[in-house]
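# Tertiary structure, described
Listed here are the chains, written in short residue letters.
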Amino acid sequence: MAKNTSSSAFRKIDVDQYNEDNFREDDGVDSAAAGPDENEITGLLTQGKAVEALLSALQNAPLRCKNQHVKDHALNITLRVLLSIKSTQMDQAIDSIDQNDLIDVLMKYIYRGFEIPSEGSSGHLLQWHEKAYAKGGVGCIVRVLSDTNRA
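Being a predicted model, the structure only gives us computed values, none of them experimental.

What counts as what
Residues numbered from 1 in each chain as written. Predicted model: local features only at pLDDT ≥ 70, side-chain atom pairs only at ≥ 80, totals over all residues. Heavy atoms only, no water. Salt bridge = Lys/Arg side-chain N within 4 Å of Asp/Glu carboxyl O. Helix = DSSP H or I, 4+ residues; strand = E, 2+ residues; numbered from the N terminus. Buried < 20%, exposed > 50% of the residue type's maximum accessible area, 1.4 Å probe, protein only.

## Notes on the pattern of salt bridges
Applying the stated criterion to the full structure yields 5 salt bridges. Here aspartate 104 ties to arginine 143 by a salt bridge, and the two come within 2.8 Å at their closest N and O atoms. Within this pair, whereas aspartate 104 is found in helix H5 (residues 100-115), its partner arginine 143 is found in helix H6 (residues 121-146), the two being separated by 39 residues in sequence. By relative accessible area, which is 12% here, aspartate 104 ends up buried. The class for arginine 143 is partly exposed, based on a relative accessible area of 39%. The partner of glutamate 115 in a salt bridge is arginine 112, with the nearest N and O atoms 3.5 Å apart. One end of the pair, glutamate 115, and the other, arginine 112, are both in helix H5, 3 residues apart, so they sit about a helical turn from each other. Residue arginine 112 is classed as buried on the basis of its relative accessible area of 10%. Taken together, the shared-partner salt bridges in this structure form one network comprising Asp72, Arg112 and Glu115.

See the structure below:
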């Protein structure tokens, strides 16, 4: 037997909010949307604190930002930091990164750096890749290649 359908309780749900025409993505604005502070990182590099500059650049990466200009600017800053760190300081820099998500961000910037090679950068980035792989493992590479938020 059918139940009594005179009740209107089922009409309290707004089904139009799930319509594809009304769907709106998030604006993508977050605290790190501006990217790393170039003045702060330049100051750290001139003081010889390249490891702190790297941590600052990785922590303030604009991953969810949709503005490509901001992402490219952050890439240039991070590559400048990565290329300024000498091979002998790489182990110290990798060891100072405690969070696995920062290793993933570092790996994203390494792969983006491979996309725009410059004189001598590819060999240096390969050394960074080796050190980041040793710390993050295969999972780091898989997460970076499958992530939709590019650096």
